[in-house]
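# Commentary on secondary and tertiary structure
For reference, the chains in residue letters:
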Amino acid sequence: MRDLLASFVAAAERAACRAATVCQQVQRESDFTGTPQSKAGGEPVTVADYASQAIILREIGAEFPNHGILAEENAAHLNAPENRGVPERVAALVGAALGERASVADVSRWIDHPGDPAERYRWAIDPIDGTKGFLRREQYAIAIGVLDGGEPCAGVLACPNLPVDPADPNGPRGVLFSAARGAGAFQRPLAGGPSRRIAVRASADPAGVRVLGSVEASHGDPRLIDLLVRELGLGGGVVRVDSQVKYGVLARGGAEVYLRPRSSPTWRDLVWDHAAGVLIALEAGGRASDMDGAPLDFRAGRKLEHNRGVLCTHGPLHPLIVDALRRIESAPR
Ligand code: AMP
Ligand code: MG
């Protein structure tokens, strides 16, 4: 089992590193002026999102052809009439990254690699998590998780804009986080270098507790986060970071709480926005559940249908926060 999970992590790391190179290239070469393409719901999507997914799924599809796939992008949207010229640009980026010819048909096939949804192992892939952060040239992640039935068993996050050393925020950037179930969580520089084991920081004193939230207010409920901070006297401040980089920051001790309230009663979190990050945080000694303290249920398809938001902390804080949220939400507003 250990060898199998290690082979998942190795494949995910290879794919994420290649995909990250293309994302960095697109960020260097584009000024992102004009309106980026917009998927249904107004979410931005760039050539880098499609190129990243094609690269990842070519790798995973070749190595584990029957595994299930849950991934954000699809070739129908890439090839939609309003995206004139985009598929050709994606094919050129992917071909250059792989060092071989890649046609529009090739990248479309890789992006849509179906896998077998009935397989025990399913890959949850977000080719660019935090596209809004990517467009702002702030934080984003290439996220690759593997689910064993309903539970994450392997996870990799490539974070091209995250400082390697938290103590040196202006130093070299680009971090690769990885974890396999039961084997701990690690980070190493994306550009290569030694891997080191990471661990959450346990803070017994609420005055030092830092809370992670989205940069995009519309992705959550910033007011609820502020109420929680006040209720428990959490004095470390609210740290706003895009994407699953939040899980990496928590896992290496850069904050103690990640709270993601639902942005509306009908919102359901997407599996690929959490699978990789949750495992990395758990393997670093963290704890994860939904806002009611219920276990995250990754079994229900593309969305966490049965969970209300997501809460990830270092362990001892967890029940205190679930209780505080219950008090806040049951108080008359
Ligand atoms: P973050 O940067 O943590 O806010 O997470 C980015 C992710 O937020 C994207 O990958 C989207 O899947 C997700 N997202 C987009 N719209 C919403 C929304 N209205 N509510 C919650 N999450 C959203
Ligand atoms: Mg995402």
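This text gives an overview of the structure that appears in the document. Position numbers for residues start from 1 in each chain and track the written sequence from start to end. The naming scheme follows written order: chains are lettered A onward, ligands numbered 1 onward. Where local features are concerned, this predicted model is filtered to residues with pLDDT of at least 70; where side-chain atom pairs are given and counted, the filter is 80 or more; whole-chain, interface and lining totals use all residues. Hydrogens and water molecules were not included; the side-chain quantities draw on all heavy atoms of the structure.

### Digging into the pattern of salt bridges
Salt-bridge detection follows one rule: a side-chain nitrogen of Lys or Arg within 4 Å of a carboxyl oxygen of Asp or Glu. Tallying each qualifying case throughout the model produces 21 salt bridges. We note a salt bridge from D148 to R120, for which the minimum N-O separation is 2.8 Å. Remark: R120 occurs in the loop between α5 (104–111) and β4 (121–129) and D148 occurs in strand β5 (residues 141–148); sequence separation between them is 28 residues. Assessed through its relative accessible area of 13%, D148 is described here as buried. With a shortest N-O distance of 2.6 Å, R327 and E231 are connected by a salt bridge. Here E231 lies in helix α7 (residues 222–232) and R327 lies in helix α10 (residues 317–330), a separation of 96 residues in the sequence. Strands are runs of DSSP state E lasting at least two residues, helices are runs of H or I lasting at least four, and both sets are numbered from the N terminus onward. Each residue is placed in one exposure class: buried if its accessible area under a 1.4 Å probe, protein chains only, is under 20% of its type's maximum, exposed if it is over 50%, and partly exposed if it falls in between.

### Examining the site of ligand 1
In the vicinity of ligand 1 there are 14 residues, among which S214, H219, K246, S263 and D273 approach most closely. Nitrogen and oxygen atoms within 3.5 Å of one another constitute a polar contact, given that in protein one can donate a hydrogen and the other can accept it, and given that sequence-neighbouring residues count only through two side-chain atoms. The separation between an oxygen atom of ligand 1 and a polar side-chain atom of D129 is 3.0 Å. Burial of ligand 1 by the protein chains amounts to 90% of its free accessible area of 500 Å². The residue makeup of the shell around ligand 1, split by class, is 2 nonpolar, 5 polar and 7 charged. Working definition: residue near molecule or strand if any one of its non-hydrogen atoms lies within 4 Å of it. With residues, only the protein chains shown are counted as cover, and all accessible areas are computed by Shrake-Rupley using a 1.4 Å probe. Residues were grouped as follows: Ala, Val, Leu, Ile, Met, Phe, Trp, Tyr, Cys and Pro as nonpolar; Asp, Glu, Lys and Arg as charged; and all remaining residues, including Gly, as polar.

### Focus: the coordination of the magnesium ion (ligand 2)
Donors, by definition, are the N, O and S atoms found within 2.8 Å of a metal, the threshold being 3.2 Å for Na, K and Ca, and water is not counted, so a site can look incomplete. Distances from the magnesium ion (ligand 2) to its protein donors, D126 (OD), D129 (OD) and D273 (OD), fall within 1.9 to 2.3 Å. Along the chain, the residues donating to the magnesium ion (ligand 2) are arranged with the sequence spacing D-x2-D-x143-D. Taken as a pair, D126 in strand β4 and D273 in the loop between β12 (257–260) and α9 (275–283) lie far apart in primary sequence, 147 residues in all. Here D126 and D273 have matching classes, each one buried.

### A short note on the side chain of H67
Checked against the element boundaries, H67 lands in the loop between α2 (47–63) and β3 (68–71). In terms of polar contacts, H67 uses its side chain to reach the side chain of W123, at 2.9 Å. Sequence-distant contacts of H67, that is, excluding residues within four places in its chain, are made with F8, G115, D116, E119, Y121 and W123. In what follows, residue pairs with any heavy atoms lying within 4.5 Å of each other are defined as contacts.

### Topic: the sheet that holds β4
Across a sheet, paired strands are connected by hydrogen bonds in the backbone, their directions being either parallel or antiparallel. Two strands qualify as a pair provided DSSP detects at least 2 bridges between them. Ordered by their spatial adjacency, 7 strands build an open sheet running β3-β4-β5-β6-β7-β8-β9, and the pairing between neighbours is mixed. Sheet topology places β3 and β9 (196–198) at the edges, where each strand pairs with a single neighbour. Adjacent strand axes in the sheet meet at a mean angle of 20°, parallel and antiparallel pairs treated alike. As defined by bridge partners, β3 adjoins β4 across 4 bridges and the pair is classed as parallel. Bridged to A71 within β4 is I125. Docked against the sheet, helix α1 (residues 2–29) engages β4, β5, β6 (151–163), β7 (173–180) and β8 (185–189), running at close to 30° with respect to β6. The angle between two axes is taken between their N-to-C directions and runs from 0 to 180 degrees, where each axis is a line fitted to C-alpha atoms and a helix contributes only its stretch in contact.

### Quick notes on the packing of α1 against α2
For the pair α1 and α2, interaxial distance at closest approach is 9 Å and the crossing angle is 160°. One finds that α1 runs roughly antiparallel with respect to α2. α1 and α2 meet at a crossing whose hand is right-handed. The segment α1 lies against α2, with A11, A12, R14, A15, R18, A19, V22, C23 and V26 engaging V47, A48, A51, S52, I55, I56, E59, I60 and E63. Of the residues that constitute the contact of α1 with α2, the class distribution is 13 nonpolar, 1 polar and 4 charged. Should an angle fall under 35 degrees it is called roughly parallel, over 145 degrees roughly antiparallel, and 65 to 115 degrees roughly perpendicular, with every other angle called oblique. Crossing handedness is read from the near helix: turned anticlockwise from the far helix by less than a right angle, it gives a left-handed crossing, and turned clockwise, a right-handed one.

### Quick word on the packing of aromatic side chains
Here is the rule: rings of Phe, Tyr and Trp (six-membered ring for Trp) pair when centre to centre is within 6.5 Å. Planes less than 30 degrees apart are stacked, more than 60 are edge-to-face, and the remainder are tilted. According to the stated counting rule, one finds 7 aromatic pairs in the structure shown. Arranged with centres 5.1 Å apart and planes meeting at 90°, the rings of F8 and F64 form a pair that is edge-to-face. Taken together, the residues span a long stretch of sequence, with F8 in helix α1 and F64 in the loop between α2 and β3 at a distance of 56 residues. Clustering of aromatic rings is evident, with ring pairs tying together F8, F64, Y121 and W123.

### So, the side chain of R262
Within the secondary structure, R262 sits in the loop between β12 and α9. A residue counts as positive if it is Lys or Arg and as negative if it is Asp or Glu; His and the chain ends are not included. With no salt bridge to any partner, buried R262 finds its closest opposite charge in D269, at an N-O distance of 6.1 Å. Polar side-chain contacts of R262 include one of 2.9 Å to the backbone oxygen of N307. Excluding anything up to four places from it in sequence, R262 contacts G220, D221, W267, R268, M291, N307, R308 and G309.

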